[in-house]
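Here is how the chains run, residue by residue.
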Amino acid sequence: MAAEPLRIEDPADPRIAGFVSIRERDLTGRDGLFIAEGTVVLRMLGSAQARQNGFAAEAILLLESRVAGVAEVLAAFPETVPIYVAAAPVFDAIAGFNMHRGVLALGRKPAQAPPLLPSLPETSLVLAGCGLSNHDNVGSIFRNAAAFGADAVFLDETSCDPLYRKSIRVSVGSVLTVPFSRGLAAEAMLRGLAEAGYEIWGLSPRGAVPVGEIPAARRIALVLGTEGEGLPENILSSFRTARIPQRPGLDSLNVATASGIALYQIALTMGRVA
């Protein structure tokens, strides 16, 4: 049962302080909090909170014209989550720019989640990202992971935070449902996966075999490199590599596009999609 909406008349109202100057706070950080934007992402946050996977809403802010349209989505949140409503001029003044969607939630990240690797099933397909610095790409990679049944996404310490507002939005909320881990150096991350029995395959235009020739295995990790430079040579020389065949004349595919093609192919091999 959702809480009754509370009207906000003043952009400086302390109750909505977490929503103020969103773009600036994107850069300075939110101390364990994040912004979920749009109806679809709000629905995913409600679903994540219901499953008690560690994500939870702290507050919701809506444009007054959007309240009736998201009533069903709001019903997934407990009464303890305050819902604030504002007219367009007030809403824009709070956010710092015209949001258009008019649907925002302030979410809280899981606190000290247990190690991800030991919790994965015996038969697993995961993605590992090294140096993924583009938030749009990271969001798209999570959306692909959800679409093709990947069990988790591992990101090294140089990859961007998938809970950045734009990444969550581009992922259509998949960042809140696909388990992920971030923070280890790339070498340590991949070594841990290898020691856990994962067949490591680095994706590169210079890969040794077409991605369609990656054999089925109990555990597979597809490794993605940053846009442009790709995976560093020490990783390419340490693990097996695969490429996505394409017509000559183009250097490479966008990393998010490549992740979708490779995941689909491996998901077919592992019997995860029809």
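To be clear, the structure that these remarks concern was listed above.
The rules behind each value
Residues numbered from 1 in each chain as written. Predicted model: local features only at pLDDT ≥ 70, side-chain atom pairs only at ≥ 80, totals over all residues. Heavy atoms only, no water. Salt bridge = Lys/Arg side-chain N within 4 Å of Asp/Glu carboxyl O. Helix = DSSP H or I, 4+ residues; strand = E, 2+ residues; numbered from the N terminus. Buried < 20%, exposed > 50% of the residue type's maximum accessible area, 1.4 Å probe, protein only. Pairing = 2+ DSSP bridges. Contact = heavy atoms within 4.5 Å. Axes fitted to C-alpha atoms, helices over the stretch in contact; angles between N-to-C directions.

## Comments concerning the pattern of salt bridges
Phase 1 of the analysis: The full count for this structure, using the stated rule, is 12 salt bridges.
Phase 2 of the analysis: Note that Glu 37 is salt-bridged to Arg 101, the shortest N-O span being 3.3 Å. Of the two residues, Glu 37 is situated in strand 2 (residues 33-37) and Arg 101 in the loop between helix 4 (88-95) and strand 5 (103-108); the sequence distance between them amounts to 64 residues.
Phase 3 of the analysis: The partner of Arg 240 in a salt bridge is Glu 199, with the nearest N and O atoms 2.1 Å apart. Placement of Arg 240 in strand 12 (residues 240-243) and of Glu 199 in strand 9 (residues 199-203) is noted, with a sequence separation of 41 residues between them.

## Concerning the pairing of strand 5
Phase 1 of the analysis: Here strand 5 lies mainly inside the structure; 5 of its 6 residues are buried.
Phase 2 of the analysis: Of the pairings in the sheet, the one linking strand 2 to strand 5 comprises 5 bridges and is antiparallel in character. When the bridges of strand 5 are listed, Leu 33 appears paired with Arg 108.
Phase 3 of the analysis: Here strand 3 (residues 56-63) pairs with strand 5 via 6 bridges, running antiparallel. Bridge pairing in strand 5 links Ala 59 to Leu 106.

## Things to note about the sheet that holds strand 9
Phase 1 of the analysis: Here 7 strands make up an open sheet; going across it, the order is 8-7-6-11-9-12-10 and the pairing parallel. Strands with a single pairing partner mark the edges of an open sheet, and in this sheet they are strand 8 (180-184) and strand 10 (209-210).
Phase 2 of the analysis: Note: strand 6 (residues 124-130) against strand 7 (residues 152-156), 4 bridges, orientation parallel. By the bridge assignment, Leu 127 is partnered in strand 7 with Val 153.

## A few points about the sheet that holds strand 5
Backbone-to-backbone hydrogen bonds join strands into a sheet, with any given pair of strands oriented parallel or antiparallel.
Phase 1 of the analysis: As summarised here, the arrangement of the 5 strands in space is 1-4-3-5-2, forming an open sheet in which the pairing is mixed. Since the sheet does not close on itself, it has two edges, and those belong to strand 1 (6-7) and strand 2, each with one partner.
Phase 2 of the analysis: Contacts from helix 4 reach strand 3, strand 4 (83-86) and strand 5, with the element oriented near 135° to strand 3.

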